[in-house]
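For reference, the chains in residue letters:
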Amino acid sequence: MEPQKFSIAVDSGHKATEFRPLSLSSPHMRAFHLAWLSLFTCFFSTFSIPPLLPIIRQDLNLSPSDVGTAGIAAFAGSIISRLAMGPACDVFGPRLASATLSLATAPILLSAAFISTPLHFILLRFFVGFSLANFVANQFWMSSMFSRCTVGLANGVAAGWANVGSGVTQLVMPFIFSVLNTYFDLTQSVSWRTALVVPAVFQALMAIMVLAYGQDLPDGSYRNIRKREKNSKDDAIGVFLNGIKNYRGWVLGLTYGYCFGVELTMDNIIAEYFYDRFGVNLETAGVIAASFGFANWVSRPTGGIVSDKLGKRFGMRGRLWGLWVVQTVAGVMCLWLGEVKSLWGSIVVMCGFSFFVQAASGLTFGVVPFVSKRSMGVISGMTGSGGTVGAVVTQLLLFSGSTKFSTQTGISLMGVMMIISTLSLTTIYFPQWGGMLCGPSSEHQHCQLLA
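The rules behind the values
Residues numbered from 1 in each chain as written. Predicted model: local features only at pLDDT ≥ 70, side-chain atom pairs only at ≥ 80, totals over all residues. Heavy atoms only, no water. Core = buried A, V, L, I, M, F, W, Y, C linked by side-chain atoms within 4.5 Å. Buried < 20%, exposed > 50% of the residue type's maximum accessible area, 1.4 Å probe, protein only. Contact = heavy atoms within 4.5 Å. pLDDT = per-residue confidence, 0-100. Phe/Tyr/Trp six-rings, centres within 6.5 Å; stacked < 30°, edge-to-face > 60°. Lys NZ or Arg CZ within 6 Å of the ring centre and 35° of its normal. Salt bridge = Lys/Arg side-chain N within 4 Å of Asp/Glu carboxyl O. Helix = DSSP H or I, 4+ residues; strand = E, 2+ residues; numbered from the N terminus. Patch = residues over 30% accessible without salt bridge, like charges linked within 9 Å, V, L, I, M, F, W, Y side chains within 5 Å. Areas by Shrake-Rupley, 256 points an atom, 1.4 Å probe, with all protein chains shown as cover. Expected span 1.5 Å × (residues − 1). Arc of directions from axis to C-beta.

Participant: Just give me the short version of the nonpolar core, but keep the residues and values in it.
Facilitator: In this structure, Val262, Leu264, Met266, Phe274, Phe353, Val357 and Met418 are the most contacted members of the largest nonpolar core, which totals 69 residues. Among residues more than four places away in sequence, those in contact with Val357 are Cys259, Val262, Phe292, Ala330 and Met418.

Participant: Run through the confidence of the model for the protein chain, naming residues and quoting values.
Facilitator: Mean pLDDT over the protein chain stands at 88; residues scoring 70 or higher make up 94%. Overall, residues 446-451 carries pLDDT values under 50, and its contacts beyond four positions in sequence, including any with other chains, amount to 18 contacts.

Participant: Quick rundown of the packing of aromatic side chains? Include the residues and the values.
Facilitator: Within the structure shown, the criterion is met by 28 aromatic pairs. An aromatic cluster of three or more residues is present, and its members are Phe19, Phe32, Trp36, Phe40, Phe44, Phe146, Trp161, Phe202 and Trp297. We note Arg248 situated over the ring of Phe430; from NZ or CZ to the ring centre the distance is 4.8 Å.

Participant: Lay out the pattern of salt bridges in plain terms, naming residues and giving numbers.
Facilitator: Once the charged atoms of two side chains with opposite charge are near each other, the side chains can pair. Enumeration according to the criterion identifies five salt bridges in this entry. Where Arg319 meets Asp308, a salt bridge forms, and the shortest distance between an N and an O atom there is 3.3 Å. With Arg319 in helix H16 (residues 316-337) and Asp308 in helix H15 (residues 299-314), this residue pair connects regions lying eleven residues apart in the sequence. Residue Arg319 is classed as buried on the basis of its relative accessible area, which comes to 0%. Since its relative accessible area comes to 6%, Asp308 is described here as buried. Taken together, the salt bridges that share partners define one network made up of Arg57, Glu272 and Asp276.

Participant: Quick one: what's the story with a nonpolar patch on the surface, residue by residue and with numbers?
Facilitator: A cluster of nonpolar residues, Phe92, Leu96, Leu103, Leu110, Val197, Val201, Leu205, Ile208 and Leu211, forms a patch on the protein surface that exposes about 700 Å² of accessible area. Sort the elements by how many residues they give to the nonpolar patch and helix H9 (residues 197-213) lands first, with five residues. Within the fold, Leu103 resides in helix H4 (residues 94-110).

Participant: Give a description of H9 that names residues and reports values.
Facilitator: Between the first and last C-alpha of H9 there are 25 Å, a value that for 17 residues agrees with the 24 Å anticipated at 1.5 Å per step. The set of residues buried in H9 consists of Pro199, Ala200, Gln203, Met206, Ala207 and Val210. Down the axis, H9 shows its buried residues gathered within 135 degrees of arc, on one side only. Structural note: H9 exposes Ala212 and Tyr213 on the side pointing more than 90 degrees away from its buried face. Structurally, H9 contributes buried residues whose contacts are with helix H1 (28-46), H4, helix H6 (134-145), helix H7 (151-182) and helix H8 (188-195).

Participant: How would you sum up the side chain of Gln139? Please name residues and give values.
Facilitator: Assignment of secondary structure puts Gln139 in helix H6. Apart from the residues lying within four places of it in its own chain, the contact partners of Gln139 are Asn155, Ala159, Arg300 and Phe365.

Participant: Can you lay out unusual backbone geometry for me, pointing to particular residues and giving the numbers?
Facilitator: A cis amide bond links Ser26 with the next residue in sequence, Pro27, at an omega value of 5 degrees. Mapped onto the elements of the fold, Pro27 is located in the segment before H1. For His14, which is not glycine, the phi dihedral falls at a positive 70 degrees. Mapped onto the elements, His14 comes out in the segment before H1. Judged by its relative accessible area of 9%, His14 is buried. The phi dihedral of Asp185 falls on the positive side, at around 55 degrees, and the residue is not glycine.

Shown next as C-alpha coordinates:
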(Lines give C-alpha, C1' and ligand atoms only; values in the text may rest on other atoms or scores of the structure.)
Protein backbone atom coordinates (compact mmCIF):
# COMPACT_ATOMS: atom_id res chain seq x y z
CA MET A 1 0.00 0.00 0.00
CA GLU A 2 1.17 3.51 -0.79
CA PRO A 3 -0.60 5.84 1.68
CA GLN A 4 1.18 8.91 0.32
CA LYS A 5 -0.33 8.40 -3.10
CA PHE A 6 -3.89 9.22 -2.08
CA SER A 7 -5.49 11.90 0.04
CA ILE A 8 -7.87 9.45 1.73
CA ALA A 9 -7.29 6.09 3.41
CA VAL A 10 -7.12 3.10 1.05
CA ASP A 11 -6.78 -0.67 1.34
CA SER A 12 -4.13 -2.92 -0.23
CA GLY A 13 -5.89 -2.65 -3.59
CA HIS A 14 -5.93 1.17 -3.32
CA LYS A 15 -9.73 1.23 -2.91
CA ALA A 16 -10.96 3.91 -0.51
CA THR A 17 -11.84 2.73 2.99
CA GLU A 18 -13.54 6.01 3.87
CA PHE A 19 -16.17 8.10 2.15
CA ARG A 20 -15.97 11.90 2.02
CA PRO A 21 -18.87 13.23 -0.09
CA LEU A 22 -17.77 16.86 0.30
CA SER A 23 -14.30 16.16 -1.08
CA LEU A 24 -13.19 16.43 -4.71
CA SER A 25 -9.95 14.52 -4.21
CA SER A 26 -8.75 12.47 -7.15
CA PRO A 27 -9.35 9.76 -8.09
CA HIS A 28 -11.88 8.31 -5.64
CA MET A 29 -14.12 11.23 -4.75
CA ARG A 30 -13.79 12.88 -8.15
CA ALA A 31 -15.06 9.64 -9.70
CA PHE A 32 -17.93 9.64 -7.20
CA HIS A 33 -19.07 13.14 -8.15
CA LEU A 34 -18.71 12.54 -11.88
CA ALA A 35 -20.63 9.26 -11.59
CA TRP A 36 -23.62 10.61 -9.69
CA LEU A 37 -23.88 13.81 -11.72
CA SER A 38 -23.70 11.91 -15.00
CA LEU A 39 -26.47 9.53 -13.92
CA PHE A 40 -28.43 12.48 -12.52
CA THR A 41 -28.59 13.98 -16.01
CA CYS A 42 -29.84 10.67 -17.43
CA PHE A 43 -32.68 10.48 -14.90
CA PHE A 44 -33.44 14.13 -15.56
CA SER A 45 -33.65 13.46 -19.30
CA THR A 46 -35.66 10.24 -19.15
CA PHE A 47 -38.26 11.65 -16.78
CA SER A 48 -38.41 15.13 -18.30
CA ILE A 49 -41.43 13.99 -20.34
CA PRO A 50 -43.92 12.64 -17.71
CA PRO A 51 -44.50 16.00 -15.95
CA LEU A 52 -45.45 17.51 -19.32
CA LEU A 53 -47.81 14.68 -20.29
CA PRO A 54 -51.02 16.65 -19.65
CA ILE A 55 -49.84 19.06 -22.39
CA ILE A 56 -48.22 16.50 -24.67
CA ARG A 57 -51.20 14.16 -24.74
CA GLN A 58 -53.44 17.00 -25.94
CA ASP A 59 -50.94 18.18 -28.54
CA LEU A 60 -50.36 14.72 -30.03
CA ASN A 61 -53.87 13.36 -29.35
CA LEU A 62 -52.51 10.55 -27.21
CA SER A 63 -54.93 7.97 -25.84
CA PRO A 64 -54.45 6.45 -22.36
CA SER A 65 -53.15 3.35 -24.13
CA ASP A 66 -50.59 5.45 -26.05
CA VAL A 67 -49.37 7.03 -22.82
CA GLY A 68 -49.07 3.63 -21.13
CA THR A 69 -47.25 2.11 -24.10
CA ALA A 70 -44.81 5.02 -24.16
CA GLY A 71 -44.07 4.49 -20.47
CA ILE A 72 -43.40 0.82 -21.10
CA ALA A 73 -41.20 1.72 -24.08
CA ALA A 74 -39.00 3.98 -21.92
CA PHE A 75 -38.23 1.07 -19.61
CA ALA A 76 -37.93 -1.50 -22.42
CA GLY A 77 -35.13 0.53 -23.97
CA SER A 78 -33.36 0.57 -20.63
CA ILE A 79 -33.52 -3.23 -20.32
CA ILE A 80 -31.57 -3.72 -23.53
CA SER A 81 -28.98 -1.07 -22.75
CA ARG A 82 -28.43 -2.20 -19.15
CA LEU A 83 -27.76 -5.75 -20.22
CA ALA A 84 -25.17 -4.46 -22.68
CA MET A 85 -23.67 -1.96 -20.25
CA GLY A 86 -22.47 -4.62 -17.79
CA PRO A 87 -20.13 -6.40 -20.25
CA ALA A 88 -19.14 -3.01 -21.70
CA CYS A 89 -17.92 -1.91 -18.27
CA ASP A 90 -16.07 -5.19 -17.79
CA VAL A 91 -14.26 -4.76 -21.12
CA PHE A 92 -13.87 -0.98 -21.63
CA GLY A 93 -14.30 0.43 -18.12
CA PRO A 94 -17.11 2.54 -16.63
CA ARG A 95 -15.83 5.95 -17.74
CA LEU A 96 -15.80 5.29 -21.48
CA ALA A 97 -18.98 3.18 -21.41
CA SER A 98 -20.91 5.82 -19.48
CA ALA A 99 -19.83 8.83 -21.53
CA THR A 100 -20.41 7.07 -24.86
CA LEU A 101 -23.99 6.17 -23.96
CA SER A 102 -24.79 9.68 -22.70
CA LEU A 103 -23.43 11.32 -25.84
CA ALA A 104 -25.34 8.88 -28.04
CA THR A 105 -28.73 9.38 -26.33
CA ALA A 106 -28.69 13.12 -25.55
CA PRO A 107 -29.47 14.22 -29.15
CA ILE A 108 -32.54 11.97 -29.22
CA LEU A 109 -34.42 14.43 -27.01
CA LEU A 110 -33.88 17.09 -29.66
CA SER A 111 -35.89 14.99 -32.10
CA ALA A 112 -38.99 15.99 -30.11
CA ALA A 113 -39.11 19.03 -32.38
CA PHE A 114 -40.18 16.77 -35.24
CA ILE A 115 -42.57 14.25 -33.71
CA SER A 116 -46.24 14.50 -34.64
CA THR A 117 -47.82 11.08 -34.02
CA PRO A 118 -48.28 8.70 -31.08
CA LEU A 119 -45.82 6.27 -32.69
CA HIS A 120 -43.15 8.96 -32.88
CA PHE A 121 -43.73 9.73 -29.20
CA ILE A 122 -43.41 6.08 -28.19
CA LEU A 123 -40.16 5.75 -30.14
CA LEU A 124 -38.83 8.92 -28.53
CA ARG A 125 -39.36 7.50 -25.05
CA PHE A 126 -37.92 4.14 -26.06
CA PHE A 127 -34.59 5.53 -27.24
CA VAL A 128 -34.25 8.15 -24.50
CA GLY A 129 -34.71 5.33 -21.98
CA PHE A 130 -31.44 3.78 -23.13
CA SER A 131 -29.59 6.40 -21.09
CA LEU A 132 -30.72 4.81 -17.81
CA ALA A 133 -28.11 2.09 -18.41
CA ASN A 134 -25.63 4.56 -16.99
CA PHE A 135 -26.84 3.31 -13.63
CA VAL A 136 -24.84 0.12 -14.22
CA ALA A 137 -21.70 2.14 -14.98
CA ASN A 138 -22.35 4.26 -11.90
CA GLN A 139 -22.46 1.26 -9.56
CA PHE A 140 -19.55 -0.49 -11.31
CA TRP A 141 -17.42 2.64 -10.95
CA MET A 142 -18.14 2.98 -7.23
CA SER A 143 -17.45 -0.72 -6.63
CA SER A 144 -14.10 -0.25 -8.41
CA MET A 145 -13.13 2.75 -6.29
CA PHE A 146 -14.37 1.87 -2.78
CA SER A 147 -13.47 -0.97 -0.44
CA ARG A 148 -15.96 -3.52 0.90
CA CYS A 149 -16.38 -1.66 4.18
CA THR A 150 -17.71 1.45 2.40
CA VAL A 151 -19.02 0.19 -0.94
CA GLY A 152 -22.63 -0.02 0.25
CA LEU A 153 -22.55 3.62 1.32
CA ALA A 154 -20.75 4.76 -1.85
CA ASN A 155 -23.15 2.88 -4.11
CA GLY A 156 -26.15 4.14 -2.16
CA VAL A 157 -25.16 7.80 -2.23
CA ALA A 158 -24.00 7.76 -5.87
CA ALA A 159 -27.25 6.20 -7.05
CA GLY A 160 -29.46 8.01 -4.54
CA TRP A 161 -28.22 11.48 -5.39
CA ALA A 162 -28.46 10.63 -9.07
CA ASN A 163 -32.05 9.43 -8.71
CA VAL A 164 -32.96 12.84 -7.36
CA GLY A 165 -32.81 13.86 -11.00
CA SER A 166 -36.16 12.13 -11.51
CA GLY A 167 -37.62 14.43 -8.86
CA VAL A 168 -35.88 17.63 -9.94
CA THR A 169 -37.15 17.20 -13.50
CA GLN A 170 -40.74 16.88 -12.21
CA LEU A 171 -40.30 20.30 -10.65
CA VAL A 172 -38.16 22.04 -13.25
CA MET A 173 -39.75 20.96 -16.53
CA PRO A 174 -43.22 22.44 -15.81
CA PHE A 175 -41.45 25.66 -14.79
CA ILE A 176 -39.42 25.80 -18.03
CA PHE A 177 -42.57 25.09 -20.01
CA SER A 178 -44.47 27.87 -18.23
CA VAL A 179 -41.68 30.39 -18.82
CA LEU A 180 -41.51 29.58 -22.53
CA ASN A 181 -45.28 29.60 -22.90
CA THR A 182 -45.97 32.72 -20.82
CA TYR A 183 -42.96 35.01 -21.08
CA PHE A 184 -41.71 34.11 -24.55
CA ASP A 185 -45.24 33.81 -25.93
CA LEU A 186 -44.59 30.42 -27.54
CA THR A 187 -47.47 28.07 -28.24
CA GLN A 188 -47.92 25.06 -25.95
CA SER A 189 -46.77 22.75 -28.73
CA VAL A 190 -43.56 24.68 -29.32
CA SER A 191 -42.97 25.24 -25.60
CA TRP A 192 -42.84 21.60 -24.52
CA ARG A 193 -40.62 20.67 -27.46
CA THR A 194 -38.23 23.55 -26.79
CA ALA A 195 -38.11 22.70 -23.07
CA LEU A 196 -36.57 19.31 -23.89
CA VAL A 197 -33.44 21.04 -25.23
CA VAL A 198 -32.41 21.71 -21.61
CA PRO A 199 -32.00 18.08 -20.47
CA ALA A 200 -30.34 17.15 -23.78
CA VAL A 201 -27.61 19.80 -23.40
CA PHE A 202 -27.20 19.05 -19.68
CA GLN A 203 -26.61 15.36 -20.37
CA ALA A 204 -24.10 15.94 -23.17
CA LEU A 205 -22.04 18.43 -21.15
CA MET A 206 -21.80 16.03 -18.22
CA ALA A 207 -20.64 13.21 -20.51
CA ILE A 208 -17.81 15.40 -21.79
CA MET A 209 -16.75 16.12 -18.20
CA VAL A 210 -16.65 12.38 -17.43
CA LEU A 211 -14.30 11.84 -20.39
CA ALA A 212 -12.15 14.83 -19.52
CA TYR A 213 -11.77 14.42 -15.75
CA GLY A 214 -12.71 10.82 -14.88
CA GLN A 215 -10.47 7.87 -14.02
CA ASP A 216 -11.70 4.27 -14.07
CA LEU A 217 -9.65 2.80 -11.23
CA PRO A 218 -7.53 4.13 -8.35
CA ASP A 219 -4.38 3.27 -10.31
CA GLY A 220 -5.41 4.54 -13.73
CA SER A 221 -7.17 3.52 -16.93
CA TYR A 222 -9.26 0.37 -16.78
CA ARG A 223 -8.14 -0.99 -20.14
CA ASN A 224 -4.45 -0.31 -19.52
CA ILE A 225 -4.50 -2.02 -16.14
CA ARG A 226 -6.39 -5.02 -17.53
CA LYS A 227 -3.63 -5.46 -20.11
CA ARG A 228 -1.04 -5.64 -17.31
CA GLU A 229 -3.01 -8.15 -15.25
CA LYS A 230 -2.73 -11.86 -15.89
CA ASN A 231 -6.48 -12.33 -15.73
CA SER A 232 -6.91 -9.92 -18.63
CA LYS A 233 -7.04 -13.04 -20.82
CA ASP A 234 -10.69 -13.35 -19.77
CA ASP A 235 -12.57 -12.30 -22.84
CA ALA A 236 -15.95 -10.62 -22.91
CA ILE A 237 -17.81 -13.87 -23.62
CA GLY A 238 -16.17 -15.67 -20.72
CA VAL A 239 -16.93 -12.83 -18.32
CA PHE A 240 -20.51 -12.66 -19.54
CA LEU A 241 -21.13 -16.41 -19.23
CA ASN A 242 -19.58 -16.48 -15.76
CA GLY A 243 -22.00 -13.78 -14.67
CA ILE A 244 -25.24 -15.09 -16.13
CA LYS A 245 -24.62 -18.57 -14.66
CA ASN A 246 -24.63 -17.10 -11.14
CA TYR A 247 -28.19 -17.56 -9.85
CA ARG A 248 -27.74 -14.88 -7.19
CA GLY A 249 -27.66 -12.24 -9.92
CA TRP A 250 -31.04 -13.44 -11.19
CA VAL A 251 -32.59 -13.37 -7.72
CA LEU A 252 -31.31 -9.86 -7.07
CA GLY A 253 -32.61 -8.84 -10.50
CA LEU A 254 -36.07 -10.07 -9.48
CA THR A 255 -36.13 -8.28 -6.14
CA TYR A 256 -34.64 -5.13 -7.66
CA GLY A 257 -37.45 -5.23 -10.19
CA TYR A 258 -39.85 -4.68 -7.33
CA CYS A 259 -38.02 -1.92 -5.51
CA PHE A 260 -36.27 0.18 -8.16
CA GLY A 261 -38.70 -1.02 -10.82
CA VAL A 262 -41.57 0.20 -8.68
CA GLU A 263 -39.77 3.50 -8.17
CA LEU A 264 -39.45 3.92 -11.94
CA THR A 265 -43.13 3.11 -12.40
CA MET A 266 -44.10 5.72 -9.82
CA ASP A 267 -41.88 8.31 -11.52
CA ASN A 268 -43.84 7.59 -14.69
CA ILE A 269 -47.36 7.84 -13.23
CA ILE A 270 -47.26 9.91 -10.06
CA ALA A 271 -47.69 13.41 -11.50
CA GLU A 272 -50.49 12.33 -13.80
CA TYR A 273 -52.09 10.34 -10.94
CA PHE A 274 -52.39 13.36 -8.65
CA TYR A 275 -53.41 15.58 -11.57
CA ASP A 276 -56.26 13.27 -12.57
CA ARG A 277 -57.44 11.87 -9.24
CA PHE A 278 -57.27 14.93 -7.01
CA GLY A 279 -57.67 17.70 -9.61
CA VAL A 280 -54.48 19.61 -8.77
CA ASN A 281 -52.90 21.80 -11.45
CA LEU A 282 -49.82 20.90 -13.51
CA GLU A 283 -47.34 22.76 -11.31
CA THR A 284 -48.75 21.30 -8.06
CA ALA A 285 -48.72 17.79 -9.49
CA GLY A 286 -45.08 18.36 -10.44
CA VAL A 287 -44.17 19.48 -6.92
CA ILE A 288 -45.85 16.43 -5.38
CA ALA A 289 -44.14 14.10 -7.83
CA ALA A 290 -40.82 15.84 -7.22
CA SER A 291 -41.05 15.07 -3.49
CA PHE A 292 -41.09 11.36 -4.36
CA GLY A 293 -37.82 11.66 -6.27
CA PHE A 294 -36.21 14.08 -3.82
CA ALA A 295 -36.39 11.44 -1.09
CA ASN A 296 -33.51 9.70 -2.87
CA TRP A 297 -31.17 12.33 -1.48
CA VAL A 298 -31.29 10.54 1.89
CA SER A 299 -33.24 7.29 1.43
CA ARG A 300 -31.01 5.32 -0.91
CA PRO A 301 -27.80 6.37 0.90
CA THR A 302 -29.49 5.32 4.15
CA GLY A 303 -30.06 1.90 2.61
CA GLY A 304 -26.36 1.68 1.79
CA ILE A 305 -25.37 2.73 5.32
CA VAL A 306 -27.73 0.18 6.86
CA SER A 307 -26.33 -2.55 4.62
CA ASP A 308 -22.74 -1.75 5.63
CA LYS A 309 -23.64 -1.58 9.34
CA LEU A 310 -25.51 -4.88 9.22
CA GLY A 311 -22.65 -6.39 7.23
CA LYS A 312 -20.13 -5.43 9.90
CA ARG A 313 -22.34 -6.73 12.71
CA PHE A 314 -23.96 -9.84 11.18
CA GLY A 315 -22.12 -10.50 7.92
CA MET A 316 -23.96 -11.31 4.68
CA ARG A 317 -26.95 -12.62 6.62
CA GLY A 318 -27.43 -9.14 8.05
CA ARG A 319 -27.31 -7.53 4.62
CA LEU A 320 -29.93 -9.96 3.25
CA TRP A 321 -32.27 -9.72 6.24
CA GLY A 322 -32.05 -5.92 6.17
CA LEU A 323 -33.01 -5.88 2.49
CA TRP A 324 -35.96 -8.21 3.07
CA VAL A 325 -37.36 -6.21 5.99
CA VAL A 326 -37.06 -2.80 4.32
CA GLN A 327 -38.50 -3.94 0.99
CA THR A 328 -41.40 -5.74 2.67
CA VAL A 329 -42.28 -2.59 4.62
CA ALA A 330 -42.15 -0.66 1.34
CA GLY A 331 -44.60 -3.16 -0.19
CA VAL A 332 -47.02 -2.71 2.69
CA MET A 333 -46.90 1.08 2.34
CA CYS A 334 -47.42 0.85 -1.43
CA LEU A 335 -50.52 -1.26 -0.83
CA TRP A 336 -51.73 1.34 1.67
CA LEU A 337 -51.10 4.24 -0.73
CA GLY A 338 -53.64 2.88 -3.18
CA GLU A 339 -56.27 2.75 -0.44
CA VAL A 340 -55.90 6.34 0.79
CA LYS A 341 -58.68 8.60 -0.51
CA SER A 342 -57.57 12.07 0.59
CA LEU A 343 -54.98 14.31 -1.06
CA TRP A 344 -52.91 15.03 2.04
CA GLY A 345 -53.18 11.46 3.29
CA SER A 346 -51.88 10.23 -0.06
CA ILE A 347 -48.97 12.67 0.06
CA VAL A 348 -47.94 11.55 3.56
CA VAL A 349 -48.12 7.84 2.73
CA MET A 350 -46.33 8.45 -0.58
CA CYS A 351 -43.42 10.11 1.24
CA GLY A 352 -43.07 7.19 3.66
CA PHE A 353 -43.33 4.69 0.82
CA SER A 354 -40.72 6.55 -1.23
CA PHE A 355 -38.23 6.38 1.64
CA PHE A 356 -38.50 2.62 2.12
CA VAL A 357 -38.63 1.62 -1.55
CA GLN A 358 -35.57 3.72 -2.35
CA ALA A 359 -33.71 2.49 0.73
CA ALA A 360 -34.36 -1.07 -0.49
CA SER A 361 -32.55 -0.20 -3.72
CA GLY A 362 -29.55 0.96 -1.69
CA LEU A 363 -29.60 -2.25 0.34
CA THR A 364 -29.70 -4.30 -2.87
CA PHE A 365 -26.48 -2.78 -4.14
CA GLY A 366 -24.94 -3.39 -0.74
CA VAL A 367 -25.09 -7.08 -1.73
CA VAL A 368 -24.31 -6.93 -5.46
CA PRO A 369 -20.53 -6.24 -5.21
CA PHE A 370 -20.04 -9.54 -3.34
CA VAL A 371 -21.70 -11.81 -5.88
CA SER A 372 -18.86 -12.05 -8.43
CA LYS A 373 -15.59 -10.11 -8.57
CA ARG A 374 -14.75 -11.42 -12.04
CA SER A 375 -18.14 -10.53 -13.56
CA MET A 376 -19.11 -7.58 -11.39
CA GLY A 377 -20.28 -5.56 -14.40
CA VAL A 378 -22.46 -8.41 -15.66
CA ILE A 379 -24.05 -8.93 -12.22
CA SER A 380 -24.64 -5.18 -11.93
CA GLY A 381 -26.19 -5.21 -15.39
CA MET A 382 -28.41 -8.18 -14.58
CA THR A 383 -29.61 -6.56 -11.38
CA GLY A 384 -30.07 -3.17 -13.00
CA SER A 385 -31.94 -4.70 -15.93
CA GLY A 386 -34.15 -6.50 -13.45
CA GLY A 387 -35.20 -3.09 -12.20
CA THR A 388 -36.42 -2.02 -15.61
CA VAL A 389 -37.95 -5.43 -16.38
CA GLY A 390 -39.97 -5.06 -13.20
CA ALA A 391 -41.05 -1.59 -14.30
CA VAL A 392 -42.10 -2.88 -17.73
CA VAL A 393 -44.06 -5.80 -16.31
CA THR A 394 -45.76 -3.62 -13.71
CA GLN A 395 -46.60 -0.91 -16.20
CA LEU A 396 -47.92 -3.46 -18.68
CA LEU A 397 -50.07 -5.36 -16.18
CA LEU A 398 -51.37 -2.48 -14.11
CA PHE A 399 -50.88 0.89 -15.84
CA SER A 400 -50.93 0.27 -19.59
CA GLY A 401 -54.14 2.26 -20.11
CA SER A 402 -55.98 -0.80 -21.41
CA THR A 403 -56.41 -2.68 -18.12
CA LYS A 404 -59.59 -2.82 -16.06
CA PHE A 405 -57.82 -1.56 -12.95
CA SER A 406 -58.00 2.02 -11.74
CA THR A 407 -54.63 3.63 -11.04
CA GLN A 408 -55.18 3.49 -7.28
CA THR A 409 -56.02 -0.23 -7.45
CA GLY A 410 -52.94 -0.80 -9.59
CA ILE A 411 -50.78 0.89 -6.94
CA SER A 412 -52.14 -1.44 -4.24
CA LEU A 413 -51.58 -4.52 -6.39
CA MET A 414 -48.04 -3.33 -7.04
CA GLY A 415 -47.46 -3.43 -3.28
CA VAL A 416 -48.62 -7.05 -3.14
CA MET A 417 -46.21 -7.94 -5.95
CA MET A 418 -43.38 -6.33 -3.98
CA ILE A 419 -44.09 -8.37 -0.86
CA ILE A 420 -44.26 -11.66 -2.75
CA SER A 421 -41.17 -11.15 -4.92
CA THR A 422 -38.99 -10.18 -1.95
CA LEU A 423 -39.44 -13.67 -0.47
CA SER A 424 -37.02 -14.96 -3.13
CA LEU A 425 -34.14 -13.48 -1.08
CA THR A 426 -34.38 -16.57 1.13
CA THR A 427 -32.82 -18.63 -1.71
CA ILE A 428 -29.57 -16.62 -1.83
CA TYR A 429 -26.72 -18.51 -0.21
CA PHE A 430 -22.96 -17.89 -0.12
CA PRO A 431 -20.89 -20.92 1.03
CA GLN A 432 -18.39 -18.67 2.82
CA TRP A 433 -20.96 -16.33 4.40
CA GLY A 434 -24.27 -18.15 4.54
CA GLY A 435 -27.75 -16.89 3.71
CA MET A 436 -30.85 -15.60 5.46
CA LEU A 437 -31.82 -18.94 6.98
CA CYS A 438 -28.47 -20.64 7.60
CA GLY A 439 -24.80 -19.96 8.24
CA PRO A 440 -21.72 -20.73 6.11
CA SER A 441 -20.95 -24.27 5.02
CA SER A 442 -18.76 -26.39 7.29
CA GLU A 443 -15.62 -26.04 5.18
CA HIS A 444 -15.90 -22.25 5.43
CA GLN A 445 -16.59 -22.03 9.17
CA HIS A 446 -13.06 -20.79 9.76
CA CYS A 447 -13.58 -17.82 7.43
CA GLN A 448 -14.18 -14.47 9.01
CA LEU A 449 -17.63 -13.00 8.56
CA LEU A 450 -17.91 -10.32 5.89
CA ALA A 451 -17.04 -6.84 7.10
